[in-house]
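Below are the chains, spelled out letter by letter.
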Amino acid sequence: MHQTVLDRLDESLDLPEDERMVLESVKQLAADKIAPRAADYDRSSIFPQDNIDEMNALGMNAMFVPEAYGGLGLSYTVYLACVREISKACASTGIIWATNFHGMKPVMDFGTEAQKQRILPTIAEGGLGSLCITEPTAGSDATGMKTRFTPKGNDTVVVNGGKIFISNGDVADHLLVFGKWSEIDDPKGAITALVVDKGTPGLNVLRKEEKMGHRAATTVALSFEDMEVSRDNVIGAPGEGLKILLASLNKSRPSVAAQALGIARAAFDDSIAYINDRKQSGRRIIDFQGIQFTLADLATDLAMCEGWLWRIGRMVDAGATDFGIEASMLKMRGSDLAMKISDEAVQLHGGYGYCQDYRVERLMRDAKITQIWEGTNQIHRQLIGRHFAERLR
Ligand SMILES: Cc1cc2nc3c(=O)[nH]c(=O)nc-3n(C[C@H](O)[C@H](O)[C@H](O)COP(=O)(O)OP(=O)(O)OC[C@H]3O[C@@H](n4cnc5c(N)ncnc54)[C@H](O)[C@@H]3O)c2cc1C
């Protein structure tokens with residue numbers, strides 16, 4: 001196939017030689033092993049352990065962990081590029097891997113030296129992480145959480161409550177859990193973060209969700225019943241949780257956008273291959289002008305979003321900390337685009353697109369949640385809109 005403008009955009013990603021080599025081997029693994037297994041994992045809803053093992057054999061978990069803790073300390077940009085590649089092949093595997101980053105990045109950014117020494121090597125060696133915010137009373141407004149952290153003596157915190165919709169919640173080695181510190185009255189000021197290790201007595205998996213898409217990635221409800229956690233596991237000081245939560249979401253939102261853009265790119269590539277081949281009325285589908293108009297819009301939106309993804313990657317690598325609105329724009333537009341392109345992809349495949357022999361059927365189901373998690377797109381529209389409102393004196 002000829003080189004397209006999207007291929008040129010991929011090639012223009014400016015990475016140092018070692019990161020380029022990592023990305024190439026990830027692409028190879030995604031194409032050779034992960035993509036061929038994706039349909040079976042979607043059907044069976046079985047956790048894709050062989051994918052995770054092979055990614056770890058490539059050192060992928062080590063990629064985002066700093067060198068001092070057994071990792072490779074590679075850039076955020078190459079991390080985003082890898083999320084996109086894996087998600088293009090299998091969205092479930094992509095979100096399982098990205099969730100490690102979402103759960104453990106706050107430990108890297110806000111943990112003490114002792115916490116990083118204890119927790120991060122497990123992740124670098126292939127352990128899984130999880131990020132636990134959502135509760136029945138705390139969805140779009142996370143401050144409604146009711147999980148309670150009660151200090152017991154000087155060394156222990158007793159956790160009671162529960163979480164819902166937790167990615168990797170039943171398989172994670174370390175879970176970053178947000179709750180409210182019992183000794184602080186202010187509902188927002190009480191939010192605190194702590195790390196819970198797998199197997200801690202009182203940590204229970206209540207149910208596993210049956211989902212529309214991302215069927216091989218596990219999503220569970222958890223309960224915490226008089227769960228005793230060492231006070232050494234509190235990240236930051238009691239009451240610093242909201243600051244940690246907001247800073248973490250800024251870095252996880254470009255990551256979920258990269259995941260959505262992987263789905264979008266897969267749907268786009270499949271559509272192009274199909275309509276270049278399929279003929280009706282003696283012409284290739286791609287030769288109809290009505291189809292070209294659709295294609296032009298999708299391709300242009302994709303190029304704009306991918307360009308914005310790499311822009312945010314470079315901003316973070318250059319040390320930016322104030323990029324919340326850029327991240328919201330990317331998450332909102334990237335996920336809306338994943339839904340739009342996968343929907344059009346089914347349409348462009350005609351009746352075949354509605355059947356499971358073609359991957360676009362799965363991609364459309366996988367795309368939907370990207371508009372909902374990590375802040376629904378209504379919430380991102382609100383954040384972006386508010387950003388332009390001048391402060392009233
Ligand atoms: C598969 C899956 C995986 C997930 N993984 C995780 C995870 O790993 N960790 C975690 O903590 N959470 C996770 N979540 C939870 C997810 O982030 C929440 O579902 C999401 O934030 C929305 O919360 P909610 O479901 O309670 O919806 P609600 O907040 O109840 O929203 C319902 C509707 O109302 C709209 N709405 C709410 N408030 C406003 C407003 N102010 N203005 C306009 N519209 C509004 C919403 O946009 C939505 O359309 C996951 C969810 C799913 C389904």
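Fair warning: this is a prediction, and the values are worked out from it, not measured in the lab.

### Structural notes on the site of the ligand
Step number 1: Taken together, 20 residues sit near the ligand, with Ile133, Gly139, Ser140, Ser167 and Thr376 positioned nearest.
Step number 2: Going through the elements one at a time, strand 1 (129-132), strand 3 (156-167) and helix 11 (377-387) are the ones with two or more residues in the shell around the ligand.
Step number 3: Residue classes in the shell around the ligand are distributed as 9 nonpolar, 10 polar and 1 charged.
Step number 4: Counting contributing residues, the shell around the ligand receives three or more from each of domain 2 (130-242) and domain 3 (246-387).

### Observations concerning the pairing of strand 7 (residues 219-230)
Step number 1: With 9 bridges joining them, strand 3 and strand 7 adopt antiparallel strand pairing. The residue bridging Ile166 from the neighbouring strand is Val220, located in strand 7.
Step number 2: Pairing between strand 6 (residues 203-208) and strand 7: 5 bridges, direction antiparallel. Note that in strand 7 the partner of Lys208 across the bridge is Val220.

### As for helix 2 (residues 17-44)
Step number 1: In this model helix 2 runs 39 Å from its N-terminal to its C-terminal C-alpha over 28 residues, within 8% of the 40 Å that 1.5 Å per residue would give.
Step number 2: If you check which residues of helix 2 are buried, you get Glu19, Val22, Leu23, Val26, Leu29, Ala30, Ile34, Ala38, Tyr41 and Asp42.
Step number 3: Phi for Ser45, located one or two positions after helix 2, is positive at around 60°.

### A few points about the domain arrangement of the chain
Step number 1: Along its sequence, the chain is carved into domain 1 (5-128), domain 2 (130-242) and domain 3 (246-387).
Step number 2: Summarising the inter-unit geometry, the C-alpha centres of domain 2 and domain 3 are found 31 Å apart.
Step number 3: Facing the 5 residues of domain 2 at the interface are 7 residues of domain 3.
Step number 4: The class makeup of the residues in the side of domain 2 that touches domain 3 is 2 nonpolar, 3 polar and no charged.

### Section: helix 9 (residues 324-348)
Step number 1: Helix length check: helix 9, at 25 residues, gives a terminal C-alpha distance of 35 Å against a target of 36 Å (1.5 Å per residue), a fit within 8%.
Step number 2: Where burial is concerned, most of helix 9 is hidden: 18 out of the 25 residues are buried.

### Description of unusual backbone geometry
Step number 1: If you check the backbone angles, Ser45 has positive phi at about 60° while not being a glycine.
Step number 2: Locating Ser45 in the fold gives a position in the loop between helix 2 and helix 3 (49-57).
Step number 3: A positive phi angle, close to 55°, is found at Glu374, a residue other than glycine.
Step number 4: Relative to the elements of secondary structure, Glu374 occurs in the loop between helix 10 (360-368) and helix 11.
Step number 5: Judged by C-beta crowding, with 26 C-beta atoms within 10 Å, Glu374 ranks as buried.

### Focus on the nonpolar core
Step number 1: Residues Tyr79, Cys82, Leu194 and Ala264 are the most contacted members of the largest nonpolar core, which totals 108 residues.
Step number 2: Looking at this core, the element that brings in the most residues is helix 7 (residues 241-277), giving 14 residues.
Step number 3: Not counting chain neighbours up to four residues away, the residues in contact with Cys82 comprise Leu23, Val26, Met60 and Met63.

### Side note on the packing of helix 9 against helix 10
Relative placement of two packed helices is described by the angle separating their axes and the distance separating the axes.
Step number 1: Running from amino to carboxyl end, helix 9 crosses helix 10 at an angle of 155°, the nearest separation of the two axes being 8 Å. Judged by the angle between their axes, helix 9 and helix 10 are roughly antiparallel. Taken as a pair, helix 9 and helix 10 cross one another with a handedness that is left-handed. Along the contact surface, helix 9 presents Ala338, Met339, Ser342, Asp343, Ala345 and Val346, while helix 10 presents Val360, Glu361, Leu363, Met364, Ala367 and Lys368.
Step number 2: Class assignment of the residues belonging to the contact of helix 9 with helix 10 gives a composition of 8 nonpolar, 1 polar and 3 charged.

### A word on the pairing of strand 1
Step number 1: In strand 1, alternate side chains face the same way, and those of Gly129 and Leu131 on one face and Ser130 and Cys132 on the other are all buried.
Step number 2: Two elements, strand 1 and strand 4 (residues 174-181), share 4 bridges in a ladder whose sense is parallel. From the neighbouring strand, Ser130 faces strand 4, where its bridge partner is Leu175.

### Quick look at the environment of Met227
Step number 1: Secondary-structure assignment places Met227 in strand 7.
Step number 2: Along the chain, Met227 and Ser44 lie 183 residues apart, while their C-alpha atoms are 33 Å from each other.
Step number 3: Residues in contact with Met227, not counting those within four places in the same chain, are Val159, Val196, Thr200, Pro201, Gly202 and Leu203.

Here is what the cut-offs are and how they apply
Residue numbers restart at each chain and count upward from 1, following the sequence in its written direction. Local features in a predicted model are, by the rule used here, given only for residues with pLDDT of at least 70; side-chain atom pairs are given and counted only at 80 or more, and totals for whole chains, interfaces and linings are based on all residues. Placing the C-beta atom from the backbone, one calls a residue near a molecule or strand if that atom lies within 6 Å of it. Strands are runs of DSSP state E lasting at least 2 residues, helices are runs of H or I lasting at least 4, and numbering of each runs from the N terminus. Each residue gets one of three labels, nonpolar for Ala, Val, Leu, Ile, Met, Phe, Trp, Tyr, Cys and Pro, charged for Asp, Glu, Lys and Arg, and polar for the others, Gly among them. Domain boundaries shown here were taken from an automatic or database domain assignment. Each pair of strands is called paired provided DSSP finds at least two bridges between the two strands. Expected span, for any helix, means 1.5 Å times one less than how many residues it has. Note on burial: count the other C-beta atoms lying within 10 Å of the residue's C-beta; 20 or more is buried, 12 or fewer is exposed, in between is partly exposed, and C-beta positions come from the backbone. Any two residues are considered in contact once their C-beta atoms, placed from the backbone, lie within 7 Å. We define a nonpolar core as a collection of buried residues of the types Ala, Val, Leu, Ile, Met, Phe, Trp, Tyr and Cys that are connected via C-beta atoms lying within 7 Å of each other. Every angle, taken between N-to-C directions, lies between 0 and 180 degrees, and every axis is a line fitted to C-alpha atoms, over only the stretch in contact when it is a helix. Put simply, angles under 35 degrees are roughly parallel, angles over 145 are roughly antiparallel, angles from 65 to 115 are roughly perpendicular, and the rest are oblique. Each crossing is labelled by how the near helix is turned from the far one, with a counterclockwise turn of less than a right angle marking it left-handed and a clockwise turn marking it right-handed.

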